[in-house]
Amino acid sequence: RFQRRNRPCRYDIDQFMPSFMSIFESLVPSDEEISKQKQLLTALSRLINKEWPNAKLYLYGSCANSFGFSNSDIDLCLSIDDKEMSKVDIILKLADILHAGNLQNIQALTRARVPIVKLKDPNTGLSCDICVNNLLAVVNTKLLRDYSQIDKRLRQLAFIVKHWAKSRCVNETYRGTLSSYAYVIMCIHLLQLRGILPCLQEMDPTYYVTVDNNTCAYFDQVDKLNSYGAQNKDTVSKLLWTFFHYWAYQHDYTKDAISIRTGRIISKHMKDWTRRVGNDRHLICIEDPFETSHDLGRVVDKRSIWTLREEFERAANILQYDPNPSVTLFEPY
Ligand code: GTP
Ligand code: MG
């Protein structure tokens, strides 16, 4: 049903830059919002440290990786070394601590795949989820943020892709489509192939941590790389076209996996991702940069892969032919 196709980009793609940029600007959180997030982090840390002096609270996910929209929920991770208590015990005790601290709508979700406490802070009006000892997420948050410092087109492209995915309802992992995290990785991969971003994990490492037996190491002095992509002059409109054209018409879904760890396309065969194992079908393969056995496309099933590919094709065709792509692209599904 889907054909591979190689067609040149429309000649007038750059005329849509102002409209795509104004969409980007409208989604960026204000300085005021960012300072409220920091304020909440400080207040919660203080409360938690009274009970657990050695615990540390980290921001992760979109509010810390630089790919967050305004008004999004905050993801927090509590790092705590307590051999006596199980994760569920920690979650329950954390909920008690938060109750005593006058926070609202507190819910301890102890049976979720990732157990969390949800809450709302009446002072800032912000809602957040707190998980426990999910340090790999804190480290991959830093990797994404570091990539976004190298070339500003990454953040712009990823915002527009995320906005498209949310508008078209293909950013819902519980329904078999991809996470925001997966979309950002797809954008990083594209910019690596275009020579706009380097592959930080292939360079001499300046940052190392070991998390649950995974060694995470990469070059993180990104302020030294801020002219890295300058020889490539592609605009964000052109990159958006390239992104959708790639996923609609060029990606080989039967053979290829994308990998920002290596900065290349790697073979599904080498990863042993060619057949279904349990619930993992590997119909679109996106390697996690640190948990390399982890395919971020594992949530995609045999129905949702068609939904996704049809949406990639729709987007590619709109960018190719539509007179008003910056409107049509985001029309609600
Ligand atoms: P929005 O909330 O949609 O704006 O985006 P988000 O960046 O918060 O993304 P998401 O909710 O997809 O994930 C939150 C964070 O959890 C990510 O930034 C990652 O750090 C982490 N994460 C999400 N999914 C995975 C996964 O499959 N594997 C790993 N290792 N980490 C993940
Ligand atoms: Mg989030």
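What counts and how
- Residues numbered from 1 in each chain as written.
- Chains lettered and ligands numbered in written order.
- Predicted model: local features only at pLDDT ≥ 70, side-chain atom pairs only at ≥ 80, totals over all residues.
- Heavy atoms only, no water.
- Helix = DSSP H or I, 4+ residues; strand = E, 2+ residues; numbered from the N terminus.
- Rg over C-alpha atoms; globule rule 2.2 N^0.38 Å.
- Buried < 20%, exposed > 50% of the residue type's maximum accessible area, 1.4 Å probe, protein only.
- Contact = heavy atoms within 4.5 Å.
- Areas by Shrake-Rupley, 256 points an atom, 1.4 Å probe, with all protein chains shown as cover.
- Lys, Arg positive; Asp, Glu negative; His and termini not counted.
- Charge placed at Lys NZ, Arg CZ, Asp CG, Glu CD.
- Polar contact = N/O pair within 3.5 Å; in protein donor to acceptor, adjacent residues only side chain to side chain.
- Near = heavy atom within 4 Å.
- Nonpolar A, V, L, I, M, F, W, Y, C, P; charged D, E, K, R; others polar.
- Domains from an automatic or database assignment.
- Pairing = 2+ DSSP bridges.
- Axes fitted to C-alpha atoms, helices over the stretch in contact; angles between N-to-C directions.
- Disulfide = S-S within 2.5 Å.
- Core = buried A, V, L, I, M, F, W, Y, C linked by side-chain atoms within 4.5 Å.
- Salt bridge = Lys/Arg side-chain N within 4 Å of Asp/Glu carboxyl O.

Draft legend 1. The overall build of the protein chain, seen in detail. A count of helical and extended segments in the protein chain gives 10 helices and 10 strands. In summary, the protein chain has a C-alpha radius of gyration of 21 Å against a globular reference of 20 Å for 333 residues, a match within 12%. In terms of overall dimensions, the protein chain has C-alpha extents of about 60 × 45 × 40 Å along its principal axes. Within the protein chain, buried positions represent 55% of all 333 residues. Taking the intrachain contacts of the protein chain between residues at least 6 apart in sequence as the baseline, contacts between residues at least 24 apart amount to 66%. On the protein chain, roughly 16300 Å² of surface is accessible, and the fraction owed to carbon and sulfur atoms is 47%. Separation between the mean location of the 43 positive side-chain charges and that of the 39 negative ones in the protein chain comes to 4 Å.

Draft legend 2. Looking closely at the environment of Asn49. With respect to the helices and strands, the residue Asn49 is situated in helix H2 (residues 31-51). Each C-alpha atom, one on Asn49 and one on Arg155, is 34 Å from the other, the two residues being 106 residues apart in sequence. A polar side-chain atom of Asn49 sits 3.0 Å from the main-chain carbonyl oxygen of Trp52.

Draft legend 3. Focus on the site of ligand 1. Of all residues adjacent to ligand 1, which total 18 residues, the nearest are Ser62, Asn140, Lys162, Lys166 and Ser180. Between Asn65 and ligand 1, the recorded distance is 3.4 Å, taken from a side-chain N or O atom to an oxygen atom. In the environment of ligand 1, an oxygen atom lies 2.8 Å from a nitrogen or oxygen atom belonging to the side chain of Lys162. Protein burial of ligand 1: of its 620 Å² of free accessible surface, 78% is covered by the chains. Listed by contribution, the elements that provide at least two residues to the shell around ligand 1 are helix H4 (135-150), helix H5 (152-167) and helix H6 (180-193). Top contributing element to the shell around ligand 1 by residue count: H4, with three residues. Of the residues belonging to the shell around ligand 1, the class tally is four nonpolar, eight polar and six charged. Both domain 1 (13-27 + 151-328) and domain 2 (31-136) contribute no fewer than three residues apiece to the shell around ligand 1.

Draft legend 4. View of the sheet that holds strand S3 (residues 104-109). Read from one edge of the open sheet, five strands run S1-S2-S5-S4-S3, paired in mixed fashion. Each having just a single partner strand, strand S1 (56-60) and S3 make up the two edges of the open sheet. On average, each strand axis in the sheet is tilted by 20° relative to the strand beside it, whichever way the strands run. Looking at chain direction, S3 and strand S4 (residues 116-120) are connected through four bridges and run antiparallel.

Draft legend 5. Quick peek at the state of the cysteines. One pass over the full model with this rule turns up zero disulfides. Sulfur of Cys77: no disulfide; nearest cysteine sulfur belongs to Cys131 and is 4.1 Å away. Residue class for Cys77 comes out buried when judged on its relative accessible area of 0%. Cys285 takes part in no disulfide bond, and the closest cysteine sulfur, belonging to Cys187, lies 18 Å away. On the accessibility criterion, Cys285 (1% relative accessible area) is buried.

Draft legend 6. Structural context of the sheet that holds strand S9 (residues 264-267). Taken in spatial order, the three strands make up an open sheet running S9-S8-S10, and their pairing is mixed. At either margin of the open sheet sits one strand with a lone partner, and together these are S9 and strand S10 (285-287). For this sheet, the mean inter-axis angle between neighbouring strands, taken without regard to orientation, is 35°. Taken together, the four bridges between strand S8 (residues 256-259) and S9 define a ladder with antiparallel strand orientation. Pairing of Ile258 across the sheet is with Ile265, part of S9.

Draft legend 7. How the structure looks around the nonpolar core. If you look at the biggest cluster of nonpolar residues, it comprises 74 residues, and the most contacted ones within it are Trp164, Tyr183 and Phe312. The two domains that each donate at least three residues to this core are domain 1 (13-27 + 151-328) and domain 2 (31-136). Apart from the residues within four sequence positions on either side, Tyr183 is in contact with Val161, Trp164, Ala165, Val170, Asn171, Leu178, Leu308 and Phe312.

Draft legend 8. A look at unusual backbone geometry. For Ser66, which is not glycine, the phi dihedral falls at a positive 80°. Topologically, Ser66 is positioned in the loop between S1 and strand S2 (74-79). Even without a glycine there, the phi angle at Asn105 is positive, about 50°. Given the relative accessible area of 55%, Asn105 is considered exposed.

Draft legend 9. The arrangement of the pattern of salt bridges in detail. As enumerated under the stated definition, the model contains 14 salt bridges in all. Across the salt bridge formed by Lys93 and Glu51, the nearest N and O atoms sit 3.2 Å from each other. Placement of Lys93 in helix H3 (residues 87-100) and of Glu51 in helix H2 is noted, with a sequence separation of 42 residues between them. By sharing partners, the salt bridges in this structure join Lys142, Asp146 and Asp220 into a single network.

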